[in-house]
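Topology and contacts: notes
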Amino acid sequence: MSSNLLSGAKILLHCLTAENVECIFGYPGGVTLPLYDALYDYPIKHILVRHEQNAAFAAQGYARTTGKVGVCCATSGPGATNLVTGLVDAMMDSIPIVALTGQVSSKLMGSDAFQEADTFGITRSATKHNFLVKNIADLPQVIHEAFYLAASGRPGPVLVDITKDAFQAQAHYVPVTEIHLPGYKVYSEGHAGQIRRAAQMMWEAERPFMYAGGGVIAANASVELRALVEALDAPTVCTLMGLGALPSEHRNFISMPGMHGSYAANMAMSGTDLIIALGVRFDDRVTGRLAAFAPHAKVIHVDIDPAEISKNRTADLPIVGDVKKVMPKLLNELNDLAAALKGKNAGARQAWWQQIQQWKEENPLAPIQSETEIKPQHLMAEIDKLSGGRAIVTSDVGQHQMWSAQLIRFNEPRLWINSGGLGSMGFGLPAAIGAQFARPDKLVFSIVGDGGFQMSIPELATIANHALPIKIIVMNNGYLGMVRQWQELFYNNRLSEVALTSFPDVEKLAGAYGFKGRTVSSVAEMPQALKDAVNEPGPFLLNVKVSPFENVYPMVPAGGALNEMVLRPPQPVEV
Amino acid sequence: MQQIISLLMENKPGALMRVTGLLSQRGYNIESLTVARTFDPTLSRMTITVDVEPSTRAQVIKQMSKLVNVLQATDVTDGPAVNRELMLIRVKTSQPNRTAVLKEAEIFHARVVDSTTEGFCLEATGDSEKLDEFVDVMRGYGEIEVTRSGMVAMSLDNKKLRLSAPVPLGASAEEVLELQGAD
């Protein structure tokens, strides 16, 4: 045998090296044995998680923090099926990850072999695209196509299922110099005429409003967004996926819109005459009842995915393109037209800003505090102080996620890491692992509820293993709080299966893994407990017992219009 | 309404699954679907008829176009296009009716592809409505059995096929060569 023949496993690792993969989050198994054997001699870092779902979430944490493609790996059958939630999650939030899965030998496929599952079929709708590799000759091309598809256009997860015999076969490694996907189209430039018309509409609007989302983060276009916002001087919201695209402290920022958005954001969205939508998809959690959404507004919609345009809300002026490329062109056109049009509506614009200021003052997103119990909002405000808009915050899903989004500042993009579209509980902790590997220099808070935390406890071992200095803050209200909130409001307060009793003693739990944990329930001690956690050089598990019945407001009830938001809990009626 | 879509796609494993999966995932009902290779064996042409709300027609095409293996998705509902369907129909008929059945077949330009003492097997092509009528007529002569191909459509528009150019990979392939030497 010629000495430069390589196994499929090694060829795969060559390709990953060529793609500058630093680390893989994974879990080995039977059919990936050849891969893990090859990995033994390779410089690529492998992080052994404790459940494959968390490999996908950690890869996402890495990808969301850096913008690079995250990589996760699992064996056939149960390994692959365990990845599925993480893949769908990445699909919903357009996060670039590549999942590598082992498959039984091609000769055994279809025979219901041990640990065989139809991964290719199962993950069809969970991925942007997927591949099945049975032949070593196809492997390099497919791997590079997978990375290209994951990262380009509208990013997303791509899965490559590789049979055991393809890992084991021997072949000469021929580097791939180009990839050819004739049917895969990326529209990035934006139509020049449309952009010019958009700029004109922007100057002519009396009450313009900018609606920026996850697409701005994905495109690394925060600088371009800021320039555009300042040129037009329009009030701007960032969606749950877009927080940090414009600094939270920017004077034009009026917080998050939607179901638990700010009063000013939702009122402005309902009152505007022109929405400039940038890298967003008019999600139902943002629009509320679609028929009543922004009734007076024309819509300019910039998105790289043509299928998002006019999917939910018809765009009056669609621009298919990459916000990173379109926004500077829009800015140029704005500047060109400024002499003729700027100031045309100065009076109306001033009145619009006054109105927005008034909304902001009427109902600000202010933290609530109590002397007797820790209000969850108070907890978020204290975390915000420690972060100063600079820390990475990964969140799980539920009430704590909404309070974090409302009350913690993000002055840079890629600091706020959460499961937006799919809303996967158990996301926050493994995502923090990926984030901390990507940014060892950063302070990482993982804010989780007592429900989601208990879905990810196994990963405390991974954190301990690598001594990752993640600050795990459990906002513990003893309930599946968001579900309970809906039961209170819409199901006659019949609290069915939402109480989470038997929460473990975190001091013992963290201690069992060899790091520190603490429970705090006193309002007076909470701020210092947070500081102590941050000052601890290693990981820290802080269990914060908050007032159990606090609910998230403002709130647009499902099916309600944005301007019909409920601002505060119904007050008990005096008898 | 019925929307007719013509798809040109790469003949790759799982291609059909991607199309049918997408349609069911997005809640579009498939009325018929035909697929076969084109003169280029690496490509397949698919004609799909789906039952959709008129307002979602554009969305269906956009979603189809997003499939990586789809080279072109065209809405041919409003033409200009030729739509045809092939039908095989077996008619059991009594001896006295045989001549009448053949007369009817002639009117519908159907061909006899098999003849037995029991009856005929006929082949007919045409647009779907015409075939529906033929079925109705044949039913009058006795027990029938029908297999239809589903609609195949050919657009008469000169829509240019736009394909993406190959994308060069970064210089990192060179590094890998070195790595290979070190192995």
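These numbers were taken from a predicted model, which means no experiment stands behind them. (Residues numbered from 1 in each chain as written. Chains lettered and ligands numbered in written order. Predicted model: local features only at pLDDT ≥ 70, side-chain atom pairs only at ≥ 80, totals over all residues.)

1. Quick notes on the overall build of chain B
- Looking only at helices and strands, chain B has 5 helices and 10 strands in total.
- For a compact globule of 183 residues, the expected C-alpha radius of gyration is about 16 Å, and chain B comes in at 23 Å, more than 25% above that figure.
- Principal-axis analysis of the C-alpha atoms gives chain B an extent of 85 × 45 × 30 Å.
- Within the span of chain B, comprising 183 residues, buried residues form 27% of the whole.
- A separation threshold of at least 6 residues defines the contact pool for chain B, and within that pool the share at least 24 residues apart is 72%. (Helix = DSSP H or I, 4+ residues; strand = E, 2+ residues; numbered from the N terminus. Rg over C-alpha atoms; globule rule 2.2 N^0.38 Å. Buried ≥ 20, exposed ≤ 12 C-beta atoms within 10 Å, placed from the backbone. Contact = placed C-beta atoms within 7 Å.)

2. Examining the interface of chain B and chain A
- Contacts between the two partners involve 28 residues from chain B and, on the opposite side, 29 residues from chain A.
- Broken down by secondary-structure element, the contributors of at least two residues to the side of chain B that touches chain A are helix H1 (15-25), helix H2 (57-66), strand S4 (70-75), strand S10 (167-168) and helix H5 (172-182) of chain B.
- Among the elements that make up the side of chain B that touches chain A, the one with the highest residue count is H5 of chain B (7 residues).
- Split by residue class, the side of chain B that touches chain A holds 14 nonpolar, 9 polar and 5 charged.
- The pairing of strand S9 (residues 178-179) of chain A with S10 of chain B spans 2 bridges and is classified as antiparallel. For Ile179 of chain A, the partnering residue across the bridge sits in S10 of chain B and is Val167 of chain B. (Nonpolar A, V, L, I, M, F, W, Y, C, P; charged D, E, K, R; others polar. Pairing = 2+ DSSP bridges.)

3. Some thoughts on the sheet that holds strand S4 (residues 70-74) of chain A
Residues and elements named next belong to chain A.
- One open sheet holds the 6 strands; their spatial order is S3-S2-S4-S5-S7-S6, and the pairing between them is parallel. Each of the sheet's edge strands pairs with one partner strand only, and the pair in question is strand S3 (45-48) and strand S6 (129-133). For this sheet the average axis-to-axis angle between neighbouring strands, irrespective of direction, equals 20°.
- When strand S2 (residues 23-26) meets S4, the two strands line up parallel, connected through 2 bridges. If you follow Phe25 over to S4, its bridge partner there is Cys72.
- Taken strand by strand, helix H6 (residues 139-151) contacts strand S5 (97-103), S6 and strand S7 (157-163), and its axis lies near 165° from that of S7. (Axes fitted to C-alpha atoms, helices over the stretch in contact; angles between N-to-C directions.)

4. Here's the deal with the domain arrangement of chain A
Residues and elements named next belong to chain A.
- Along its sequence, chain A is organised into domain 1 (5-172), domain 2 (192-362) and domain 3 (376-553).
- Here the C-alpha centroids of domain 1 and domain 3 sit 30 Å apart.
- When residues of the side of domain 1 that touches domain 3 are assigned to their parent elements, the largest contribution, 11 residues, is made by helix H3 (residues 52-66).
- Taken together, the residues of the side of domain 1 that touches domain 3 sort by class into 10 nonpolar, 10 polar and 4 charged. (Domains from an automatic or database assignment.)

5. Structural notes on the domain arrangement of chain B
Residue and element names in this part refer to chain B.
- Segmentation of chain B into domains returns domain 1 (2-78) and domain 2 (82-152).
- With 6 residues of domain 1 at the contact, the number on the domain 2 side is 5 residues.
- Among the secondary structure elements, those contributing two or more residues to the side of domain 1 that touches domain 2 are strand S2 (29-37) and strand S3 (43-51).
- Considering each element in turn, the side of domain 1 that touches domain 2 owes the most residues, 3 residues, to S2.

6. Looking at the nonpolar core
- Ranked by internal contacts, the top residues of the largest apolar core, which has 205 residues, are Ala55, Cys72, Ile97, Val98, Val160, Leu278 and Leu542 of chain A.
- Dropping the residues within four chain positions of it, Val160 of chain A is found in contact with Val98, Leu100, Phe131, Val133, Val142, Ile143 and Ala146 of chain A.
- The next biggest cluster of nonpolar side chains, apart from the first, holds 12 residues, and it includes Ala105, Ala110, Phe120 and Ala124 of chain B. (Core = buried A, V, L, I, M, F, W, Y, C linked by C-beta atoms within 7 Å.)

7. Concerning the environment of Leu542 of chain A
All names here are of chain A.
- Mapping Leu542 onto the fold places it in strand S20 (residues 540-545).
- Taking the C-alpha atoms as reference points, Leu542 and Asp41, separated by 501 residues in sequence, lie 38 Å from one another.
- With residues up to four places along the chain from it excluded, the contact list for Leu542 reads Lys471, Ile472, Ile473, Val474, Arg518, Val520, Ala529, Leu530 and Ala533.

8. Things to note about the pairing of S7 of chain A
Residue and element names in this part refer to chain A.
- Along S7, 7 of the 7 residues are buried, which leaves the element largely enclosed by surrounding structure.
- Neither face of S7 is open: one carries Pro157, Leu159, Asp161 and Thr163, the other Val158, Val160 and Ile162, and all of them are buried.
- In this sheet, S7 lies alongside S5 in parallel orientation, the contact comprising 7 bridges. Residue pairing for S7: Leu100 is matched across the bridge by Val160.
- Handedness of the β-α-β unit built from S6, H6 and S7 comes out right-handed. (Right-handed = clockwise from strand over helix to strand, strands pointing away.)

9. Thoughts on the packing of helix H8 (residues 192-204) of chain A against helix H13 (residues 323-341) of chain A
All names here are of chain A.
- With their axes 8 Å apart at the nearest point, H8 and H13 run at an angle of 55° to one another. Taken together, the axes of H8 and H13 lie oblique to each other. For the crossing formed where H8 meets H13, the hand is right-handed. When H8 is examined against H13, the residues Ile195, Arg196, Ala198, Ala199, Gln200, Met202, Trp203 and Glu204 are found in contact with a partner set consisting of Val326, Lys329, Leu330, Glu333, Leu334, Leu337 and Leu341.
- Looking at the contact of H8 with H13 residue by residue, the classes come out as 10 nonpolar, 1 polar and 4 charged. (Parallel < 35°, antiparallel > 145°, perpendicular 65-115°, else oblique. Left-handed = near helix turned anticlockwise from the far one by under 90°.)

10. Considering the pairing of S20 of chain A
All names here are of chain A.
- Summarising burial for S20: 5 of the 6 residues are buried, a large majority.
- Relative to S20, strand S18 (residues 471-476) is paired through 6 bridges, and the arrangement is parallel. Bridging from a neighbouring strand, Ile473 pairs with Leu542 of S20.
- Sheet topology note: the strand S19 (residues 516-520)/S20 ladder contains 5 bridges and is parallel. Within S20, the residue paired with Lys516 across the bridge is Phe540.

11. A look at the sheet that holds strand S16 (residues 416-417) of chain A
Residue and element names in this part refer to chain A.
- Taken together, the 6 strands give an open sheet; going across it, the order is S16-S15-S17-S18-S20-S19, and neighbouring strands pair in parallel fashion. Edge positions in the open sheet fall to S16 and S19, since each of these has one partner strand only.
- Relative to S16, strand S15 (residues 392-395) runs parallel, the two sharing 2 bridges. In the sheet register, Val393 faces S16, and the bridge partner there is Trp416.
- Sheet strands touched by helix H17 (residues 428-438): S15, S16, strand S17 (444-449) and S18. Its angle to S17, the strand with the most contacts, is close to 170°.

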